[in-house]
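Below are the chains, spelled out letter by letter.
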Amino acid sequence: MRDGGFTYRRSQMVESLRRGGIRDEKVLSAMGEIPRHLFIGESWRARAYDDDVSINIGSGQTISQPRVVAVMSQSARIEPDHKVLEIGTGSGYQAAVLSRLARFVFSIERIAVLARGAKRCIDELGIENVSVKVMDGTMGWRAQGPFDAILVTAGGPEVPQPLLSQLADHGRLVVPVGPREQQVLKVIQRRGSRFVESQLQDVCFVPLVGRYGWEPSQ
Ligand code: SAM
């Protein structure tokens, strides 16, 4: 176990995700490849491959549980030629997983120190198809749209309108919506001028802070 057992633990995590109902082999394989422990501070690394644990990454933020990353990635139905937008780069782990599924990944983080750390980690892994920008992600990234999939990894009181308008036809927006304490994970698919919504499960994300999210002080 030259890597401290992380490779073994990662394969155990993937098996646990599979047993828990994740069926998309591309998602399972991406999560089997990306070294999640490298996106986490040293003191928390022992728990990096627990599939239902979210971990503190500093600045009051967390890296989402592997189970939630898997559910969101699977629900976005990403194809290899897709362009994907992520709101809430955080540690960069979800963006790294998406980099294995999509052609291009654009990720927005509002906290500069997190964005810098995430980009460093992504670069050190030799991942070249992820761009990270510091701004309010509730506004989307209009210059790079439309997107085949948009994943929002922080919870807001409503679906940010700019994200709906930056969705490509048949594109999917995966977004937690609801009160600060608990949200519902929604999948919204664009079909022409219509948006068809389904609800996946209850989730608990850190707040989406921005023009179409919560006020910073709330
Ligand atoms: N996807 C991340 C990962 O893999 O580590 C986890 C994201 S963490 C649960 C949510 C992140 O969303 C935090 O880093 C937070 O700063 C960020 N965030 C909150 N509101 C935002 C906004 N309006 N625009 C961009 N990022 C935002």
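Because the structure is predicted, anything quoted here is derived from the model rather than measured. (Residues numbered from 1 in each chain as written. Predicted model: local features only at pLDDT ≥ 70, side-chain atom pairs only at ≥ 80, totals over all residues. Heavy atoms only, no water.)

Trainee: Where do I start with the packing of aromatic side chains in this structure?
Mentor: Taken as a whole and assessed by the stated rule, the structure comprises four aromatic pairs. Here the aromatic rings of Phe6 and Tyr49 are separated by 6.2 Å at their centres, their planes lie at 55°, and the arrangement is tilted. With Phe6 in helix α1 (residues 6-19) and Tyr49 in the loop between α2 (25-33) and β1 (55-58), this residue pair connects regions lying 43 residues apart in the sequence. Here Phe6 falls in the buried class, since its relative accessible area comes to 14%. Where Phe39 meets Tyr93, the ring centres are 5.8 Å apart and the plane angle is 70°; that geometry is what we call edge-to-face. Within this pair, whereas Phe39 is found in the loop between α2 and β1, its partner Tyr93 is found in helix α4 (residues 93-99), the two being separated by 54 residues in sequence. When sorted by exposure, Phe39 lands in the same class as Tyr93, which is buried. Here Arg36 stacks its cationic end above the ring of Tyr93, 5.4 Å away from the centre of that ring. (Phe/Tyr/Trp six-rings, centres within 6.5 Å; stacked < 30°, edge-to-face > 60°. Helix = DSSP H or I, 4+ residues; strand = E, 2+ residues; numbered from the N terminus. Buried < 20%, exposed > 50% of the residue type's maximum accessible area, 1.4 Å probe, protein only. Lys NZ or Arg CZ within 6 Å of the ring centre and 35° of its normal.)

Trainee: Is there a simple way to think about the pairing of β1 in this case?
Mentor: The two faces of the sheet receive side chains in turn, since in a regular strand these alternate between them. By the bridge criterion, three bridges tie β1 to strand β2 (residues 61-63) in an arrangement that is antiparallel. Bridging from a neighbouring strand, Gly58 pairs with Gln61 of β2. Count of turn residues in the β1/β2 antiparallel hairpin: two residues, of which Ser59 carries a positive phi of about 55°. (Pairing = 2+ DSSP bridges.)

Trainee: Explain the sheet that holds strand β6 (residues 147-152) here, please?
Mentor: Paired through backbone hydrogen bonds, the strands of a sheet run either parallel or antiparallel to each other. The sheet built from seven strands is open, its strands ordered β5-β4-β3-β6-β7-β8-β9 with mixed pairing. In this open sheet, the two edge strands, each paired with only one partner strand, are β5 (130-134) and β9 (194-203). Adjacent strand axes in the sheet meet at a mean angle of 15°, parallel and antiparallel pairs treated alike. Of the pairings in the sheet, the one linking strand β7 (residues 167-177) to strand β8 (residues 183-191) comprises six bridges and is antiparallel in character. Bridge assignment links Leu173 to a residue of β8, and that residue is Ile188. (Axes fitted to C-alpha atoms, helices over the stretch in contact; angles between N-to-C directions.)

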